[in-house]
Amino acid sequence: MISMNLQRMTFRVSCGALAALFLTVFVPSRDVACSALYEMWIKPITPAPITPMPETTAPARSVLLIADFEADTDSFVGRSGNEVLTVSDEAALSGVHALKVEGRTSSWHGPSLDITQKISAGKEYTVSVWVKLLEPEQAQITLSTQIGSGSGASYNNLQGKQASIDWVELRGTYRYLSTDFVSIYVESAVATASFYIDNVSIIEEDSLPVFVEDITPLKDAYTDFFPIGSIASGKDLSGLRLELLTKHFNVVTAENAMKPGELQPRKGEFNFDAADAIVNTLLEHGIAIHGHTLAWHQQTGAWMYTSADGLPLSREEALENLTTHAKTIAEHFKGRVVSWDVLNEAINDGLTAETAADWRASLRNSGWLQAIGDDYIEAVFLAAQEADPDAKLYYNDYNLNNQNKATVVYNMVKEINEKYPGLIDGIGMQGHYDLNTNPADVEWSIQQFISLGVEVSITELDIGAGTDGRLSDDASLQQALLYARLFSIFRQYKENIGRVSIWGLDDGSSWRADRSPVIFDRSFRAKPAFYAASEPDAFIAEHQ
């Protein structure tokens, strides 16, 4: 159960849960008696004289919330409404009960807790939850947070781990500058995974203040090269987040608001409110807009290509749904969006050199492919071109530094553009990298795509380097050096680079927040990666 007041007996919580939380937050030893916890947290406290805190002593972190499920579900609900949440005595990290989560049918399904009224804007919070799989025996489990609601929401992973039938802790830190709606939730890449959660806690951290530094804007360093981009959602349209965004970037991609499921959740019901708010606000600040995305296999209503009985729609109906959606969206934003990710992530992973030679055989077995066939790709590009002939049309995908996957995309774009000259204007390389990424592989793919006569953009750049939201000095330097090497390559091909967009405004709000992957930290301070991106060759010369 949950309480906001740890000094009054307003909640029921097991001794085991209290001990676990107390040990995690305050005490290095595990030899803590329940009686001591009772004296400290539950027994009415007589105020003691206040003495000044020594300058060398950090303020204690404030325990904001505890959920141990000993009495009830502690206000957790299913995100989709179809999950089955049960207080169960089959497994518990401490005490007797845990929350059992079943009935999931999609990766985003899971237990969620609304914490809007429990947090304060500008504060940083550490969230912890313990997870134990019921089935299967292994699965990726992720602790995430949602900021905002509806099509204006953003979704950020706090920490993900490979979980098993043993208890594992997920822990992450996030600074909430927007608190219109905030929730925490647990999800799994395995859509049908069932699991238990226990001993959920939220701690308010003592953290550095947030402000926008007076430094040379990154976009100014690239005036003679190419636009520098970032992403935006509803939380970025005011205050310090908008100030940081408009200071350093001159092109922005909507993080979620333009994805198919957000713009048309049900057939014929279009909702442009959140997307229009992003587009109109940023256009007022002189920022160009890149649209993301007209067609995708994720964040898309299954109704677009699947019948009520779960079978693929007829080719005609699915094709009508696809082209109608693409035309309606492109027409709505015509003149306000300079380019589109028309199709996102249509290629399989794990390709060999042999399979890469046949791009059709390398396509992801998506609902679009099943219902329409491989020509759904040219169909959606033709629909977008008809609706907005002035916008540049991109194919966008990840892992394109992998030569086999890059070869598939090369062959696909080459064939389609030979059939329809100039239909696909560009290829977007997402760029979700880590410290093992070889810049030479990235350059090889850029060269291959340029040879097709298309524009290349780095559309979703971030470099995971930290763990658990922490970034050591050494990892920070290695991250910065990789940013420098990549930006040095991008500069060499400036005539063919449409833009370079970093996928996240700051580490704390990145979808890979646990890996600290972008160029500003959680307090909006420029990291070494920022200076490496600004002056890559000089940074390499100084730190090699």
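Preceding this section is the structure that the text describes.
Below: a short report on this structure. (Residues numbered from 1 in each chain as written. Predicted model: local features only at pLDDT ≥ 70, side-chain atom pairs only at ≥ 80, totals over all residues. Heavy atoms only, no water.)

Considerations on the pattern of salt bridges
Here is step 1: This model, assessed by the stated rule, comprises 21 salt bridges.
Here is step 2: For the salt bridge of Glu 418 with Lys 414, the shortest nitrogen-to-oxygen distance reads 2.7 Å. In this pair, Glu 418 and Lys 414 are both assigned in helix α10 (residues 403-419), 4 residues apart and thus about one turn of the helix distant.
Here is step 3: By relative accessible area, Glu 418 is classed as exposed at 53%.
Here is step 4: Each of the salt bridges in this network shares a partner with another, and the network as a whole consists of Lys 235, Asp 236, Arg 241, Glu 255 and Asp 506. (Salt bridge = Lys/Arg side-chain N within 4 Å of Asp/Glu carboxyl O. Helix = DSSP H or I, 4+ residues; strand = E, 2+ residues; numbered from the N terminus. Buried < 20%, exposed > 50% of the residue type's maximum accessible area, 1.4 Å probe, protein only.)

Points about the packing of aromatic side chains
Here is step 1: Overall, the coordinates contain 14 aromatic pairs when judged by the stated rule.
Here is step 2: Each ring, one from Phe 270 and one from Phe 272, has its centre 6.0 Å from the other, and the planes form 5°; the classification is stacked.
Here is step 3: With relative accessibility at 28%, the residue Phe 270 sits in the partly exposed group.
Here is step 4: Pairing Phe 272 with Phe 333 gives two aromatic rings, centres 5.8 Å apart and planes at 75°, and the pair type is edge-to-face. Placement of Phe 272 in the loop between α4 (260-263) and α5 (273-284) and of Phe 333 in the loop between α6 (315-332) and β15 (339-344) is noted, with a sequence separation of 61 residues between them.
Here is step 5: The class for Phe 272 is buried, based on a relative accessible area of 14%.
Here is step 6: Within the aromatic cluster, the residues linked to one another by ring pairs are Tyr 222, Phe 225, Phe 226, Phe 487 and Phe 490.
Here is step 7: Cation over ring: Lys 494 sits above Phe 225, and NZ or CZ is 5.1 Å from the ring centre.
Here is step 8: The lysine or arginine in question, Arg 499, covers the ring of Tyr 394, its NZ or CZ lying 5.7 Å from the ring centre. (Phe/Tyr/Trp six-rings, centres within 6.5 Å; stacked < 30°, edge-to-face > 60°. Lys NZ or Arg CZ within 6 Å of the ring centre and 35° of its normal.)

Notes on the sheet that holds strand β8 (residues 154-163)
Here is step 1: If you walk across this open sheet you meet the 5 strands as β2-β5-β10-β7-β8, and the pairing is antiparallel. Taken across any chain shown, the strands that pair with only one partner, and hence form the sheet edges, are β2 (77-78) and β8.
Here is step 2: Direction of pairing for strand β5 (residues 111-114) relative to strand β10 (residues 182-188): antiparallel, over a ladder of 3 bridges. Looking across to β10, one finds that Ser 112 is bridged to Tyr 185. (Pairing = 2+ DSSP bridges.)

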